[in-house]
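Report on the structure
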Amino acid sequence: MVAANSGEVVIVGGGVIGCLTAYFLAIRGVKSVVVEADAIASGASGTSGGWLTPYSHECDPAMIALSPASLALHRELADALPQETGIDHGFEETPHLRCALTEDGASDLIEWQAARTREGAVMDWLAPAEARALTPWLTADIVGAIRSDNEPMLDSYRLTISAMQAAEKYGARVLTGKVAGLGAAGAAGRCSGVLLEDGTEVFGDAVLLAMGPWTGQAAEWIGSPLPITPQRGQMVYLAAPSEDDGPDLAVGLSAVDTGGSILRKRLTDTIVAATREGVGFDRSTTREARDWLLERGATLSDRIMGAGISGQTACLRPLTPDGKPYVGAAPGWENVHIAAGHASEGIHYAPVTAMAMADLITSGASDIDVSALDPARAIAG
Ligand SMILES: Cc1cc2nc3c(=O)[nH]c(=O)nc-3n(C[C@H](O)[C@H](O)[C@H](O)COP(=O)(O)OP(=O)(O)OC[C@H]3O[C@@H](n4cnc5c(N)ncnc54)[C@H](O)[C@@H]3O)c2cc1C
């Protein structure tokens, strides 16, 4: 909890979680310093797909419960942040088409749609011609598709930069440096701030560890287990189509049979997503991944092989053993908090996580129920 007349909150990590927390603290008058080892949005937050899907945790009640609140906050941020900073972060209510390429795939999709309908979602089954009328990128070889209209897309690099700039307008600041540990521990599980690799001490009333896949390294700092492992995700970008390529609709496409995924967005080139590789902290791109992504994407779209490649990225998802992020106080610490481990859904769940963290840091409680994400569960294994 931040005491009266307190100084800053020290936020370690300038990804989407750290920067949005700085913003939510800033607009309630609490200053923070975001300590970033590299550059703001230099991790996965700068190179994600930016797809906000409520269905990523469809078997996990704790995450399902947080999803509508996070989407609602995203919609508010889409209004507020561009007004604060002038940065359009490309938030758009785009349709998503889940496509079946085989009859088996169609049965799986229809079953999935029935389950979502029981939960209250409204989704339409489209015949191939109806789906192709939406986007000429889609292959003629589909059996059918489900259209969902509650899965917006955005540009996560711009969102993260914009959140940090808005926070800075209210007094937050960025410090470049690599955190190597916590500051001196005092009474009642409190520390004085953080220590940088070069020996500098940054003082603060509270510390938030939001270092994405690197947060596992803080297990030593807090003296209890914090299993978070990196998973590399590579994506390929395709150059903008020429004018005769048909309507330039922003749309998400995925194939239930092959796992292929294509995101056509307003502000960035078309994305072909994404690999899932256990290669430690290696963030290099590979030719094998590029070929694999294009081959898999081509099962969804005839245009992929002919399109020009404009880029390829690799970044790291932060994975936890049970698939849920750690959000809450570090075990045994009163003023050290953790918000990390959001795997493939960190952009979607960033606003609700950041709002809960801002609540917990400033008042010790939040209306957002993050009890199922308590980092203490890591101790039980
Ligand atoms: C290929 C791919 C596609 C994705 N697509 C989506 C998507 O469509 N939708 C979605 O919701 N999510 C998606 N994600 C997941 C999402 O990108 C992540 O969950 C999210 O960005 C994690 O944000 P973060 O702030 O926790 O971590 P990061 O963005 O990794 O930021 C952590 C920051 O901490 C800094 N740091 C680390 N150690 C230190 C230290 N010791 N001192 C100071 N700073 C430090 C790093 O430099 C980094 O900038 C995708 C991920 C990948 C890999």
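Figured I'd write up the structure that's included with this text. Predicted model, so just to flag it, every value in this text is computed and none were measured.

Observations regarding a negative patch on the surface
- Together, Glu103, Asp104, Asp108, Glu111 and Asp257 make up a region of like negative charge exposed at the surface.
- Counting through the fold element by element, Asp257 comes out in the loop between strand S12 (251–255) and strand S13 (261–264).
- Note on Asp257: relative accessible area 31%, which makes it partly exposed.

Brief notes about helix H5 (residues 156–169)
- Between its terminal C-alpha atoms H5 stretches 20 Å, which fits the 20 Å expected from 14 residues at 1.5 Å a residue.
- In this structure, the buried residues of H5 make contact with helix H1 (16–26), strand S2 (32–36), helix H2 (61–85), strand S6 (173–176) and helix H8 (346–363).
- Residue Asp155 occupies the N-cap position of H5, its side-chain oxygen lying 3.0 Å from the main-chain nitrogen of Tyr157.
- Trailing H5 by a residue or two, Gly171 shows a phi angle of about 110°, which is positive.

Some points on the site of the ligand
- By nearness alone, 38 residues border the ligand, and Glu36, Ser45, Ala343, Ser344 and His348 come closest of all.
- Interatomic distance of 3.4 Å between a backbone N/O atom of Ala44 and an oxygen atom of the ligand.
- Taking Glu345, its main chain carries an N or O atom lying 3.4 Å from an oxygen atom of the ligand.
- Within the complex, the protein chains bury 96% of what would otherwise be the 1,000 Å² of accessible surface of the ligand.
- Contributing elements (two or more residues each) for the shell around the ligand: H1, S2, strand S11 (229–238), strand S15 (309–319) and H8.
- When grouped by side-chain class, the residues that make up the shell around the ligand number 17 nonpolar, 16 polar and five charged.
- Three or more residues apiece are contributed to the shell around the ligand by two domains, here domain 1 (9–86 + 155–228 + 321–380) and domain 2 (96–150 + 230–319).

Comments concerning the nonpolar core
- Counting 52 residues, the largest nonpolar core has Met164 and Val370 as its most contacted members.
- Those elements that place two or more of their residues in this core are strand S1 (9–12), H1, H2, H5, strand S10 (206–209) and H8.
- A total of eleven residues in this core trace back to one element, the largest contributor, which is H8.
- Not counting residues up to four positions away in its chain, the partners in contact with Val370 are Leu66, Val327, Ala356 and Leu360.
- Val12, Val179, Met211 and Ile228 belong to the second-largest nonpolar core, a separate cluster that totals 25 residues.

Description of unusual backbone geometry
- The backbone of Ala41 sits at a positive phi, close to 65°, despite the residue not being glycine.
- Within the element layout of this structure, Ala41 appears in the loop between S2 and H2.
- The exposure class of Ala41 is buried, given its relative accessible area of 5%.

Focus on the packing of aromatic side chains
- All told, the structure shown has three aromatic pairs when counted by the stated rule.
- For the pair Tyr23 and Phe24, a centre-to-centre distance of 5.6 Å together with 50° between the ring planes defines the contact as tilted.
- With centroids separated by 5.9 Å and ring planes inclined at 25°, the aromatic side chains of Trp214 and Phe281 adopt a geometry described as stacked. You can see Trp214 sitting in the loop between S10 and helix H6 (219–222) and its partner Phe281 sitting in the loop between strand S14 (270–273) and helix H7 (287–298), a full 67 residues away along the chain.
- Residue Trp214 is classed as partly exposed on the basis of its relative accessible area, which comes to 27%.

Considering the pattern of salt bridges
- For the coordinates displayed, the defined rule picks out 17 salt bridges.
- The salt bridge partner of Asp60 is Lys324, with a shortest N-O separation of 3.5 Å. Of this pair, Asp60 sits in the loop between S2 and H2 while Lys324 sits in the loop between S15 and strand S16 (326–329), and the two are 264 residues apart along the sequence. Residues Asp60 and Lys324 agree in their burial class; the two are buried.
- Where salt bridges share partners, they join Glu58, Arg116 and Glu119 into one cluster.

Rules used in this analysis
Numbers given to residues run from 1 along each chain, matching the order in which its sequence is written. Two thresholds apply to this predicted model, a pLDDT of at least 70 for residue-level local features and 80 or more for giving and counting side-chain atom pairs, whereas whole-chain, interface and lining totals are computed over all residues. Side-chain numbers here rest on the full set of heavy atoms in the structure, without hydrogens or water. Within this analysis, patches are made of residues with over 30% relative accessible area and no salt bridge. Like charges are joined at 9 Å or less; nonpolar side chains (Val, Leu, Ile, Met, Phe, Trp, Tyr) at 5 Å or less. Note on areas: these come from Shrake-Rupley sampling with a 1.4 Å probe, and a residue is covered only by the protein chains present in the view. Every case where a carboxyl oxygen of Asp or Glu lies within 4 Å of a side-chain nitrogen of Lys or Arg is listed as a salt bridge. Asp and Glu are treated as the negative residues and Lys and Arg as the positive ones, with His and the ends of the chain left uncounted. Working definition for charges: the position is that of NZ of Lys, CZ of Arg, CG of Asp or CD of Glu. Where helices and strands are cited, they refer to DSSP runs of H or I of at least four residues and of E of at least two residues respectively, numbered from the N terminus. Exposure classes here rest on a 1.4 Å probe applied to the protein chains alone. A residue is buried below 20% of its type maximum, exposed above 50%, and partly exposed in between. Helices are assigned an expected span. That span is 1.5 Å times one less than the residue count. Any two residues whose heavy atoms approach within 4.5 Å at even a single point are treated as in contact. Nitrogen and oxygen atoms within 3.5 Å of one another constitute a polar contact, given that in protein one can donate a hydrogen and the other can accept it, and given that sequence-neighbouring residues count only through two side-chain atoms. To be near a molecule or strand, a residue needs just one of its heavy atoms within 4 Å of it. For this scheme, ten residues count as nonpolar: Ala, Val, Leu, Ile, Met, Phe, Trp, Tyr, Cys and Pro. Four count as charged, namely Asp, Glu, Lys and Arg, and the remainder, Gly too, count as polar. How far each domain reaches was decided by an automatic or database domain assignment. Residue types Ala, Val, Leu, Ile, Met, Phe, Trp, Tyr and Cys, when buried and joined through side-chain atoms within 4.5 Å, form a set referred to as a nonpolar core. Pairing of aromatic side chains requires ring centres within 6.5 Å, counting the rings of Phe and Tyr and the six-membered ring of Trp. Pairs whose planes differ by under 30 degrees are stacked, by over 60 edge-to-face, and all others tilted.

Purely geometric stuff here, so don't read any function into it on its own.
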